[in-house]
Amino acid sequence: MGEAAFYIRGAVEADMHRLSEIELEAASRFEALPAPPIAPDRCLPYAVLHQGIRAGRLWAAAVPGRQIVGFALADIVGNMAFLSEVDVLPAYGRRGIGRALIERVGTWAKEEGFSRLTLTTFRDIPWNGPYYARLGFCELTDDELSSDLRAVLDAERGHVLAGWVRIAMTKAL
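Scope of this entry: the structure provided in the associated data block. Note that the structure is predicted; figures quoted are calculated from it, not measured.

### Some details on the overall build of the protein
Scanning the protein from terminus to terminus reveals 5 helices and 7 strands. Each helix (α) and strand (β) of the protein, taken in turn from the N terminus, gives the series β-α-α-β-β-β-α-β-α-β-α-β. Looking at the protein residue by residue over its 173 residues, the buried ones come to 43%. For the protein, long-range pairs separated by at least 24 residues make up 68% of all intrachain contacts whose partners lie at least 6 apart in sequence. Of the roughly 9,100 Å² of accessible surface on the protein, 52% is carried by carbon and sulfur atoms.

### Structural notes on the side chain of T121
By secondary structure assignment, the location of T121 is in strand β5 (residues 116-122). Here T121 falls in the buried class, since its relative accessible area comes to 2%. Looking at T121, its side chain comes within polar contact range of the side chain of N128, at 3.2 Å.

### Concerning a negative patch on the surface
On the surface, a cluster of negative charge is contributed by E139, D142, D143 and E144. As for its placement among the helices and strands, D143 is situated in the loop between β6 (138-139) and α5 (147-157).

### Let's talk about the packing of aromatic side chains
Scanning all chains against the criterion turns up 4 aromatic pairs. An aromatic cluster is present here, built from W59, W108 and F114 joined pairwise through their rings. The ring of F122 carries the charged tip of R166 above its face, separated from the ring centre by 4.5 Å.

### Quick word on the side chain of R18
Counting through the fold element by element, R18 comes out in helix α1 (residues 16-27). Within polar-contact distance, the side chain of R18 engages the side chain of E21 at 3.1 Å. Only 3.1 Å separates the side chain of R18 from the backbone oxygen of I68, close enough to count as a polar contact. Setting aside anything within four residues of it in sequence, one finds R18 in contact with Q67, I68 and L89.

Conventions and cut-offs
- Residues numbered from 1 in each chain as written.
- Predicted model: local features only at pLDDT ≥ 70, side-chain atom pairs only at ≥ 80, totals over all residues.
- Heavy atoms only, no water.
- Helix = DSSP H or I, 4+ residues; strand = E, 2+ residues; numbered from the N terminus.
- Buried < 20%, exposed > 50% of the residue type's maximum accessible area, 1.4 Å probe, protein only.
- Contact = heavy atoms within 4.5 Å.
- Areas by Shrake-Rupley, 256 points an atom, 1.4 Å probe, with all protein chains shown as cover.
- Polar contact = N/O pair within 3.5 Å; in protein donor to acceptor, adjacent residues only side chain to side chain.
- Patch = residues over 30% accessible without salt bridge, like charges linked within 9 Å, V, L, I, M, F, W, Y side chains within 5 Å.
- Salt bridge = Lys/Arg side-chain N within 4 Å of Asp/Glu carboxyl O.
- Lys, Arg positive; Asp, Glu negative; His and termini not counted.
- Charge placed at Lys NZ, Arg CZ, Asp CG, Glu CD.
- Phe/Tyr/Trp six-rings, centres within 6.5 Å; stacked < 30°, edge-to-face > 60°.
- Lys NZ or Arg CZ within 6 Å of the ring centre and 35° of its normal.

Written as structure tokens, this is what we have:
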């Protein structure tokens, strides 16, 4: 039998607890690295998730007959569409769920009139920078960073352990 199909839908308030569970379980992948870059117990605040739901910028990936298995949150940073978070349960990895969630965020960005989708990530972790590069995202140079995006990176770098590089990437839509 083939892999279970999945679908993307708007997240709802009833998903709130599950979103945090998914984020924590997805973050557990970092624990296998020689020097984990972040604390594995850091989650998006519920207020941020609620705001994403209310604004129509939070999507869930669901497997028929099961709870949700992934999610993506979009935001607007300065004048840019921004992928704030994308997480998929490790057991459901490598099935195209993350890609589909990112594509859904890209569709939202286009519908909102943006020509690019931007994100921040770890440059050297395979399921971060290299993964986004395979999806068509390009690393932004320091000169290409807006002040708003620079502020996001600076804040994120304050939570990252030494030796891990955070970068901004963008993709034309």
